[in-house]
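Single-letter residue listing:
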Amino acid sequence: MEITERSLWTLIHGMGFGALYLLACSGALVELYRRYSSKAANPIAPGDDNFLKVYLVAMSVLAWLTVLSGAYIIYPWYRAAAPAGIVNLAAFPQRLLQSNPATSGWHSLGMEWKEHIAWLVPISITMAAAVVIRYGRDLRNHPQLRAALLCFTLVSFLAAGIAGFFGAMLVKHAPVEGGQMIHLMQGE
Amino acid sequence: MNKQKSSITATTAVLPNGSGAAAILAAGIGSFMVGVLAVAADKSAFLKNLFIFYKPTGPLSGVSTSAILVWLIAWGILEGRWQKRNVALSRINALALVLLGLSLLLTFPPVADLF
């Protein structure tokens with residue numbers, strides 16, 4: 001069982017950082033709504049408050065790792081220019097997609113959208129983490145702040161979902177492959 | 001007595017809302033800049049070259065780095081001005097959400113292609 005170095009990085013970026021962010025997002029939305037709602041009957045325990053702060057900081061770290069690994073490790077492999085006259089475009093995913101009208105949309109719509117919308121995610125969730133750290137339990141007394149946090153977190157979820165969907169489809173149609181072969185285990 | 005005390009803390013804001021408003025508006029500005037700079041780099045050959053901060057990544061490196069810098073600078077300035085004040089949060093929220101909505105539109109290629 002083998003995997004190429006570039007495939008491994010794509011997995012770390014998408015299934016590691018990105019998918020984990022998406023999973024964490026639903027939890028953050030529920031907790032932001034439930035915990036700081038002015039209708040909530042019980043006071044927020046300091047331990048619960050600290051847990052959400054750590055949770056949102058971890059989400060911010062995941063969001064930054066996702067966009068930075070995508071933009072500075074995987075994207076250069078994806079957009080590499082193919083030498084003139086080359087017939088096999090398998091090592092040049094962007095050129096491979098653009099070479100066929102049936103797949104060019106995955107680049108012109110999918111990658112073009114993904115590469116920009118993804119940056120809204122770390123901006124939104126870093127802001128949410130900073131506000132929760134600053135206000136803590138006092139957030140219950142600021143319903144408008146809480147509403148804005150929920151909107152930005154929801155948009156970060158949507159943006160991460162769009163980026164994740166197109167990332168998965170791009171890998172399906174033109175996988176980023178190459179680099180050193182890594183042997184994971186010996187087959188039977 | 002304790003019941004009365006917890007009831008007071010549950011309904012009275014201790015911190016002014018300015019610091020939160022600064023973070024929210026700055027996030028709106030930063031998001032909007034991602035959309036604006038992405039469109040600008042796509043439409044202008046000069047800006048496209050200018051935004052190549054890291055050649056393997058191309059203009060995306062400059063678009064994202066510049067938007068993040070604008071976001072952080074805006075956040076710092078607004079935080080300095082509002083951190084000890086209560087501000088009109090409903091208007092600031094509305095502005096930030098409009099900017100966020102515009103950023104979603106501007107990053108969508110069919111909309112970006114209209115410019």
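Above this text is the structure in question.
What you are looking at is a predicted structure, and each value in this text was computed from that prediction instead of being measured.

Asker: Would you mind showing me how to read the nonpolar core here?
Answerer: One broad trend across soluble globular proteins is that nonpolar side chains are buried collectively. If you look at the biggest cluster of nonpolar residues, it comprises 77 residues, and the most contacted ones within it are Y21, L56, M59, M127 and L149 of chain A together with W82 of chain B. Those elements that provide at least two residues to this core are α1 (5–36), α2 (46–78), α4 (104–117), α5 (120–135) and α6 (143–173) of chain A together with α2 (18–43), α4 (59–82) and α5 (89–107) of chain B. Excluding residues that lie within four positions of it along the chain, L149 of chain A makes contacts with L32, M127, A128, V131, V132 and L139 of chain A.

Asker: Got a minute to help me understand the interface of chain A and chain B in this structure?
Answerer: Quoted interface sizes are often the accessible area lost when the parts come together. Residue-level contacts link 33 residues of chain A with 49 residues of chain B. Overall, the association of chain A and chain B removes approximately 3,400 Å² of surface from exposure, summing both partners, and the carbon and sulfur fraction of that is 73%. When the buried area of chain A at its contact with chain B is split by residue, Y72, I123 and F152 of chain A rank highest and sum to 17% of it. Taken together, the connections running from chain A to chain B amount to 0 salt bridges. Across the chain A-chain B interface, the total number found is 11 residue pairs in polar contact (both at pLDDT 80 or more). Among the elements that line the side of chain A that touches chain B, the one with the most residues is α5 of chain A, at 9 residues.

Asker: Is there a simple way to explain the layout of surface pockets in this structure?
Answerer: The gaps of empty space that remain are located by a probe, the size of a water molecule, rolled over the atoms. Residue and element names in this part refer to chain A. There is about 740 Å³ of room inside the largest pocket. Forming the walls of the largest pocket are 37 residues, and the residues nearest its centre are H13, G14, K114, A163 and G167. Put simply, the parts of the chain that give the lining of the largest pocket at least two residues each are α1, α2, α4 and α6. Examining the composition of the lining of the largest pocket, we find that 11 residues originate from one element, α1, more than from any other. Broken down by class, the residue content of the lining of the largest pocket amounts to 25 nonpolar, 9 polar and 3 charged.

Asker: Help me out: how do you make sense of α2 of chain B in this one?
Answerer: For an α-helix, 3.6 residues make a turn, and residues three or four places apart therefore share a direction. For α2 of chain B, with 26 residues, the first-to-last C-alpha span of 37 Å sits near the 38 Å given by 1.5 Å per residue. Counting buried residues in α2 of chain B gives 20 out of 26 residues, a clear majority hidden from the surface.

Asker: Any chance you could explain the packing of aromatic side chains here in plain terms?
Answerer: How two aromatic rings sit relative to each other is given by the distance of their centres and the angle of their planes. This model, assessed by the stated rule, comprises 10 aromatic pairs over all chains. For the pair F165 of chain A and F166 of chain A, a centre-to-centre distance of 5.0 Å together with 70° between the ring planes defines the contact as edge-to-face. Judged by its relative accessible area of 8%, F166 of chain A falls in the buried class. Of the aromatic side chains, those joined through ring pairs into one cluster are W106, W113, F165 and F166 of chain A together with F108 of chain B.

Asker: Quick question: what am I supposed to make of the environment of L8 of chain A here?
Answerer: Residue and element names in this part refer to chain A. By secondary structure assignment, the location of L8 is in helix α1. Between the C-alpha atom of L8 and that of E177, which follows or precedes it by 169 residues, the distance is 9.1 Å. With residues up to four places along the chain from it excluded, the contact list for L8 reads I3 and I182.

So, how was this worked out
Counting restarts for each chain: residues are numbered from 1 in the order of the written sequence. The lettering of chains begins at A and the numbering of ligands begins at 1, in the order of writing. Totals for whole chains, interfaces and linings use all residues, but because this is a predicted model, local features are given only for residues with pLDDT of at least 70 and pairs of side-chain atoms are given and counted only at 80 or more. Processing note: side-chain calculations cover all non-hydrogen atoms of the structure and skip hydrogens and water entirely. Throughout this description, the term nonpolar core refers to a set of buried Ala, Val, Leu, Ile, Met, Phe, Trp, Tyr and Cys residues connected via side-chain atoms within 4.5 Å. To sort residues, take the accessible area from a 1.4 Å probe on protein chains only and compare it with the maximum for the residue type: under 20% means buried, over 50% means exposed, and anything in between is partly exposed. Secondary structure elements are defined from DSSP: runs of H or I of at least 4 residues count as helices, runs of E of at least 2 residues count as strands, and each element is numbered from the N terminus. Any pair of residues with heavy atoms lying within 4.5 Å of one another is described as a contacting pair. When two parts are brought into contact, each loses some accessible area as probed by a 1.4 Å sphere; the total of that loss over both is the buried area. Salt bridges are defined by distance alone: a side-chain nitrogen of Lys or Arg within 4 Å of a carboxyl oxygen of Asp or Glu. Polar contact is defined as a pair of N or O atoms within 3.5 Å, subject to the rule that within protein one atom must be able to donate a hydrogen and the other to accept it, and that residues adjacent in sequence are counted only when both atoms are side-chain atoms. Only protein atoms enter the 1 Å grid used here. Points where a 1.4 Å probe fits but cannot escape make up a cavity, open sets with protein on both sides within 12 Å along at least five of seven lines make up a pocket, and a residue lines them when an atom lies within 4 Å of a point. Grid points are joined across faces, edges and corners, and a volume is the space filled by probe spheres set on the points. Side-chain classes follow a simple rule in which Ala, Val, Leu, Ile, Met, Phe, Trp, Tyr, Cys and Pro form the nonpolar group, Asp, Glu, Lys and Arg form the charged group, and the remainder, Gly included, forms the polar group. The span you would expect from a helix comes to 1.5 Å times its residue count less one. Only Phe, Tyr and Trp rings take part, Trp by its six-membered ring, and two of them pair if their centres are within 6.5 Å. Stacked means planes under 30 degrees apart, edge-to-face means over 60, and tilted covers everything else.

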